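Take a look at the letters that make up each chain.
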Amino acid sequence: MMMKNKDRDSIDFGKTKIGPLFNRIFFPTLLSMVFASLFTVADGIFVGQGVGSNALAAINIVAPLFLITTGLALMFGVGVSVVASIHLAQNNHKAANINITQAFDVATLLMAVVAIAVFLFRIPFLRLLGSSDALLPLCQTYLLAILPGCVCIVIQMIGTFVIRLDGSPKFAASLEIFPGLLNIFLDWLFVFPMQMGIAGSGIASSISCAAAAGMVVWYMFFRAKTVKFFRLKLTLTSLYLTARNVGYMARSGFSSMLGELAMSMMLLTGNYVFLRELGEDGVAAFSVACYLYPIVFMVNNAVAQSAQPIISFNYGAGSRYRVQRAFRVSLSTATICGVLATIFLTLCTKPLVGLFLQAGTKAYEIAISGLPLFSYSAIFFALNVAIIGYYQAIEQNIRATIYMLIRGLIFLVPAFILMPMFIVPQGMWLAVPVTECMTLGVILLTSKGLVSR
């Protein structure tokens, strides 16, 4: 699949050397992922410094909704990227375009239904997420502000996969960079000069996501070359085929959704445990780790997402050597990223925590003592994401799903519940590193010959 146009990148997934090909996709993707995580961090900094630690805790309570949203978007984004890559490798452009249109339509509709349901049942929903009476008004204010942006996030994230597949990783990166900069400016404007509090932060996020969704729609209608929207029929046969194709895409991307749900479960369980053991200050301290962890997540997602179209395309073309080579490159890159993340979070604990919380507060002291322990999860997480991403790309969906369930539910919840029984508060901070380490052990024990591939 070669893309040639004076206004876009030129990418040949089947012939370009794997190292340069990976780098060509990885660095724009990494830049976009870093900006995506930075605008999340900006939310926390402006809210923590401009509104207070309780507002920071409230955002952490609502945060699982964001992860559910991105999980749905990732499921369809990864799924359609895998399926469409294989179709394009076989020169079946019509099938690829049909799949892309189905992914956008169905995912957006599903997210709209979820947003309406959350709006109608917002108080029980926030109670379910672990909100205390003290945090409930702030949680509700923030939830109502960010709900419109959730639908736009789905369009934005699926668009990044599709546009990258179209041979435009730089434009895909801009979908995070421009909205990220816009969000940072609006956060500052709404929280400080306009004094809109936590609602201002939520409104800033929604506006930024809407801008990104608009960029995706513009690209698909006016700039896309190989992948385009396809007019779907509304016959019973067409609806049946849509349901079948969506099911196949969902299976291909389901483990990616579980990755987001794993983070959601980390937030949900962690919020409950920290609130029980340390109160609102504990949740505020935990929120600092939760704001920083997406940086680690996004960087390693960039590794997996950069390798995925290369692996899927060559898997569809039957080029075993190129598949193995791409996997080795992604694994080595993930290792470097994981080690650097652990070192950075450990050495820069005080200035990082100081961005979110006032020095001398109880929440600040809790975060200072816990973040270095939490940072050990980065290296194991990086390797887990790279390996699971590889299995997704070669359509071993059951294996990828099982590994995601292990790290996001089977190991994580018991670790959060049991470890504080033996050591408090260190056990709460070590629950995630222990979970990621045990998951990597299971993967290596059950994936014969994986490292030698």
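Fair warning: this is a prediction, and the values are worked out from it, not measured in the lab.

Criteria and thresholds
Residues numbered from 1 in each chain as written. Predicted model: local features only at pLDDT ≥ 70, side-chain atom pairs only at ≥ 80, totals over all residues. Heavy atoms only, no water. Core = buried A, V, L, I, M, F, W, Y, C linked by side-chain atoms within 4.5 Å. Buried < 20%, exposed > 50% of the residue type's maximum accessible area, 1.4 Å probe, protein only. Helix = DSSP H or I, 4+ residues; strand = E, 2+ residues; numbered from the N terminus. Contact = heavy atoms within 4.5 Å. pLDDT = per-residue confidence, 0-100. Salt bridge = Lys/Arg side-chain N within 4 Å of Asp/Glu carboxyl O. Axes fitted to C-alpha atoms, helices over the stretch in contact; angles between N-to-C directions. Parallel < 35°, antiparallel > 145°, perpendicular 65-115°, else oblique. Nonpolar A, V, L, I, M, F, W, Y, C, P; charged D, E, K, R; others polar.

What follows covers the nonpolar core. Formed by 151 residues in total, the largest nonpolar core has its most connected members in L143, M266, F286, L357 and F416. Per element, the largest residue contribution to this core is 31 residues, and it comes from helix α8 (residues 236-317). Leaving out residues up to four positions away in the same chain, F286 has contacts with N60, M266, L267, G270, N271, F274, F374, F416 and W429.

When you line up the elements, N384 lands in helix α12 (residues 377-393). Not counting chain neighbours up to four residues away, the residues in contact with N384 comprise E436, T439, L440 and I443.

Turning next to unusual backbone geometry. Here the phi dihedral of N91 falls at roughly 60°; this positive angle occurs in a residue that is not glycine. Examined against the element boundaries, N91 turns out to sit in the loop between α2 (53-89) and α3 (93-120). Accessibility expressed as a relative area gives 64% for N91, which makes it exposed. Positive phi, normally seen in glycine, also occurs at Q195, with a value near 55°.

Mean pLDDT over the protein stands at 85; residues scoring 70 or higher make up 96%. Residue range residues 1-9 is modelled with pLDDT below 50. Its contacts to residues more than four positions away, or to other chains, number 30 contacts.

To continue, consider the pattern of salt bridges. Two side chains with opposite charge may pair up if their charged atoms get near one another. Tallying each qualifying case throughout the model produces three salt bridges. One salt bridge connects R407 with E436, and the closest N-O pair in it is separated by 2.6 Å. With R407 in helix α13 (residues 397-410) and E436 in helix α15 (residues 426-446), this residue pair connects regions lying 29 residues apart in the sequence. Accessibility classification places R407 together with E436 in one group, the buried group.

Moving on: the packing of α3 against α8. α8 packs onto α3 with a crossing angle of 85° between their chain directions and a minimal axis gap of 10 Å. The pairing of α3 with α8 is recorded here as roughly perpendicular in orientation. Where α3 approaches α8, its residues I98, N99, Q102, A103 and V106 are matched on the opposing element by L241, T242, N245, V246 and M249. A class-by-class count of the residues in the contact of α3 with α8 yields six nonpolar, four polar and no charged.

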